[in-house]
Amino acid sequence: MGILDEDVARVREQTDIVAVISQYTSLKRVGQRWSGLCPFHAEKSPSFSVNATDGLYHCFGCKASGDAITFVREIEHLDFPGAVEYLAGKAGIALRYTDAEEGEGRKRRGRLLDLADRAADWYHERLRTSPDAAAARRYLRSRGFDAEEVTRYRLGWAPDGWDLLTRALRAPQADMEAVGLGFVNRAGRPQDFFRSRILFPITDERGRVIGFGGRKLPDADGPKYQNSRDNELYNKSKALYGLSSAKADVVAHNEVVICEGYTDVIGFDRAGVPRAVATCGTALTEDHVKVLKRFTRRLVLAYDADEAGQSAAERVYAWEQAHEVQVSVVALPPGADPDELAREDPDALQRAVAEARPFLEFRVDRVLRAADLSTPEGRTRAAEAALEVVAEHPNDLVRDQYVMDLADRCRIDASRLRVRLEEVRRAPRRPPEDRRPRPEPDGPAPVGSSTLPPLPEGVEREAVRLRVHHPDLAAAFLEPAMFTHPTARAALEALDTHASPAEAIEESPRPVAELLARLAVETHEADPVDVLARLASELGRRTMADMEAEARASQDPLAYAEAISWLKVTLDHLRRPNVEVESVEQLLAFVRDREPHDERRG
Ligand code: ZN
């Protein structure tokens, strides 16, 4: 990361430090200097002073001081080159880099960011003014959005034309593809990636648009959410929706609330908790943790209670140790998501965040709440189940605290529980309930995963191979739930939760690691779309069998007729040569929408 020294000097010279700082606090001229309330600490009388001539600031209260670059670094939480680029952007200075190639890369990135930003503007204008966005505006109003919020969150509307955005922006097709806004369809014509969707721009931590989350209108076809696929700007395992606007409050409150949906972030903001971010169509990853820990070490999960309770405990504890973060969980009422709760009872949402509990406590409570503590047998079973959860925590002192608490609540002598806990810790693990592969670096492989059977040749194996060799393409389509073989599912989950196949291999239990290592060296020759089509066909056939069974058992079998015949037609399409990737997408969307799980996310 080398910016030429003379360019850094130019940025310093040409930056108006008073203008920069005035964006964060209001400054008044006092003789030769400017003075105001310090933006870095809370105060009632001004002790923050700016020397415009030398381009320096100093706070007599908290001793913060420096030049414009330091100021931007501190207040925007940027590294040095990031701060210089930020100021160069404002001053209209084109930076040069010590390494020509890096300079080219930066230039290209700047151009792509500019394109994504223009797209966000175009979509936004479309939502605000275009007649074809009327249904989208009605829908947003029904979800409590007013015009001010639509502007603040820069919401947009992608119209239902084939290539309206592409034609409006007049950008090179290669650039449209590089930022995931367009592609060339099978007829060889440029096509817009997002169509008929309300768009939530996803920004990087500096507020620059890097991707979009697209939500369909309630009665439209297709999956409920469609997000940008990973591309030159956007990486879903690092992107966090809302981070740029949340970060000030995250730092001020020293905690970040992590939720799952764009509208959940907005709900938290409305309920007076403007420090929420959302992962974008993926579970929390280690990369997310690395991004967030620069702002705070306190991570508060606000997922649906079931999902939060089932988050892979080893991963959470491993992050807590490796990154020195503390993970706690907000106990939301069953079935409620933050977006709904914000509308119905904002105070309850605020309270729930204030009462977030450590991850382990949350899990132990869930076990005990589900138990019958009124009989000796029930209390014993509850204690044993809770010990399994406690046993996973890596710190013996923490474990012991929970043992004492359990002893109280289950009325069992603590010393006996301690003996039992050690037995549980020594015993081989039972298969995990959530089927996630459990890395166990310093012990024997857990029983549950070493019994995973080998994955035979067939379309599922081909699909996992595709996922290894074409991660960008395949990750957008493939989900663990689309596979029937447990090893294929475990492999998919391992790939989804690690940054690279190499990492997934290193941290997975043996059968999965061996499979991935093999697939990685096998060549992948099949046509990707063909593999996806065959996998989708199998899934479609299983879904059809389910639906036919449901229809037979139902009072109203005709209610299924339309969906079943649609599915038949789509399965026919998938059998044809040169199958269209859209047919695959439509079928997957159809199957996904049948799962009640997906409908909850707003
Ligand atoms: Zn200060």
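Before reading further, recall that the structure is shown in the block above.
What comes next concerns the included structure.

Attention now moves to the overall build of the protein. When helices and strands are counted, the protein shows 30 helices and 17 strands. Compactness check: the protein gives a C-alpha radius of gyration of 27 Å against a globular reference of 25 Å for 602 residues, within 12% of the reference. Its C-alpha atoms give the protein principal-axis dimensions of roughly 80 × 70 × 50 Å. Scored against the burial criterion, the 602 residues of the protein give a buried share of 50%. The long-range share in the protein, meaning contacts at least 24 apart out of those at least 6 apart in sequence, stands at 64%. On the protein, roughly 29,300 Å² of surface is accessible, and the fraction owed to carbon and sulfur atoms is 50%.

When you line up the elements, Asn 185 lands in the loop between β7 (182-184) and β8 (190-192). Using a relative accessible area of 15% as the deciding quantity, one classes Asn 185 as buried. Between the alpha carbons of Asn 185 and Ser 508 there is a distance of 37 Å; along the sequence they are 323 residues apart.

With that settled, consider the pairing of strand β9 (residues 197-203). Among the 7 residues that make up β9, 7 are buried, leaving the element largely enclosed by the rest of the structure. When strand β6 (residues 156-158) meets β9, the two strands line up antiparallel, connected through 3 bridges. Directly across from Trp 157, in β9, lies its bridge partner Ile 198. As judged from the 6 bridges shared by β9 and strand β10 (residues 209-215), these two strands associate in the antiparallel manner. In the strand pairing of β10, Ile 202 is matched with Gly 211. The hairpin turn running from β9 into β10, its antiparallel successor, is 5 residues long, and Gly 207 in that turn takes a positive phi close to 90 degrees.

All right, on to the pairing of strand β16 (residues 326-329) then. As defined by bridge partners, strand β15 (residues 298-301) adjoins β16 across 4 bridges and the pair is classed as parallel. Across the sheet, Leu 301 pairs through a bridge with Val 329, a residue of β16. Alignment of β16 against strand β17 (residues 357-358), held across 2 bridges, turns out to be antiparallel. Among the inter-strand pairings, Ser 328 is bridged to a residue of β17, identified as Pro 358.

Moving on to the coordination of the zinc ion. The coordination sphere of the zinc ion contains the protein donors Cys 38 (SG), His 41 (ND1), Cys 59 (SG) and Cys 62 (SG), at a distance range of 2.0 to 2.3 Å. Here the zinc ion binds 4 donor atoms, and the angle range of 102 to 116 degrees at the metal identifies the geometry as tetrahedral. Judged by relative accessible area, which is 25%, His 41 ranks as partly exposed.

Overall, antiparallel pairing links the 4 strands, which are arranged β6-β9-β10-β11 in an open sheet. With one partner strand each, in any of the chains shown, β6 and β11 (225-227) form the two edges of the open sheet. Strand after strand, the sheet turns through a mean of 35 degrees between neighbouring axes, direction not considered. Relative to the sheet, helix α11 (residues 262-270) contacts β9, β10 and β11, its axis offset from that of β9 by approximately 70 degrees.

Before going further, it helps to spend a moment on the pattern of salt bridges. Applying the stated criterion across every chain, the model contains 40 salt bridges. Across the salt bridge formed by Asp 530 and Arg 534, the nearest N and O atoms sit 3.4 Å from each other. One end of the pair is Asp 530 and the other is Arg 534, both in helix α27 (residues 528-553) and 4 residues apart, which spans about a single turn. Given a relative accessible area of 32%, Asp 530 falls into the partly exposed group.

This paragraph deals with helix α10 (residues 243-253). For α10, the set of buried residues is Leu 243, Ala 246, Lys 247, Asp 249 and Val 250. Here the buried face of α10 lies against α3 (68-76), β12 (240-241), β13 (256-259), β14 (276-279) and α12 (286-292). In the stretch just after α10, Asn 254 is the one whose phi turns positive, near 50 degrees.

The next subject is helix α22 (residues 459-469). Turn by turn, an α-helix covers 3.6 residues, leaving residues three or four places apart pointing in a common direction. Within α22, 10 of the 11 residues are buried, which leaves the element mostly enclosed by the surrounding structure. Looking at α22, one finds that the buried residues are Val 459, Glu 460, Arg 461, Glu 462, Ala 463, Val 464, Arg 465, Leu 466, Arg 467 and Val 468.

What follows deals with the sheet that holds β16. Judged by pairing direction, the sheet is mixed, and its 6 strands sit side by side in the order β12-β14-β13-β15-β16-β17 without closing on themselves. Each edge of the open sheet carries a strand with a single partner, namely β12 and β17. Taken together, the 3 bridges between β13 and β14 define a ladder with parallel strand orientation. By the bridge assignment for β14, Val 257 is matched with Ala 276.

Core analysis: the largest hydrophobic core is formed by 60 residues, its most contacted members being Tyr 123, Leu 181, Phe 212, Tyr 241 and Phe 268. Looking at this core, you find at least three residues from each of domain 2 (100-227) and domain 3 (240-362). With residues near it in sequence (within four places) discarded, Phe 268 still touches Val 257, Cys 259, Val 273, Pro 274, Ala 276, Ala 302, Pro 338, Leu 349 and Val 353. Counting residues in each nonpolar core, the second largest holds 43 residues, with Leu 240, Leu 284, Ala 313 and Trp 319 among its members.

What follows is about the packing of helix α19 (residues 396-410) against helix α20 (residues 414-426). Contact pair α19 / α20: the axes reach a minimum separation of 9 Å and the direction vectors enclose 130 degrees. When the interaxial angle is binned, α19 and α20 end up oblique. By crossing handedness, the relation of α19 to α20 is classed as right-handed. Listed contacts from α20 to Arg 399, Asp 400, Val 403, Met 404, Leu 406 and Ala 407 of α19 are Ala 414, Leu 417, Arg 418, Leu 421, Glu 422 and Arg 425.

Rules behind the numbers
Residues numbered from 1 in each chain as written. Predicted model: local features only at pLDDT ≥ 70, side-chain atom pairs only at ≥ 80, totals over all residues. Heavy atoms only, no water. Helix = DSSP H or I, 4+ residues; strand = E, 2+ residues; numbered from the N terminus. Rg over C-alpha atoms; globule rule 2.2 N^0.38 Å. Buried < 20%, exposed > 50% of the residue type's maximum accessible area, 1.4 Å probe, protein only. Contact = heavy atoms within 4.5 Å. Areas by Shrake-Rupley, 256 points an atom, 1.4 Å probe, with all protein chains shown as cover. Pairing = 2+ DSSP bridges. Donors = N, O, S within 2.8 Å, 3.2 Å for Na, K, Ca; no water. Tetrahedral: all angles 85-135°; square planar, octahedral: opposite > 155°, others 65-115°. Axes fitted to C-alpha atoms, helices over the stretch in contact; angles between N-to-C directions. Salt bridge = Lys/Arg side-chain N within 4 Å of Asp/Glu carboxyl O. Core = buried A, V, L, I, M, F, W, Y, C linked by side-chain atoms within 4.5 Å. Domains from an automatic or database assignment. Parallel < 35°, antiparallel > 145°, perpendicular 65-115°, else oblique. Left-handed = near helix turned anticlockwise from the far one by under 90°.

Without other data, these values stay purely geometric and don't point to any function.
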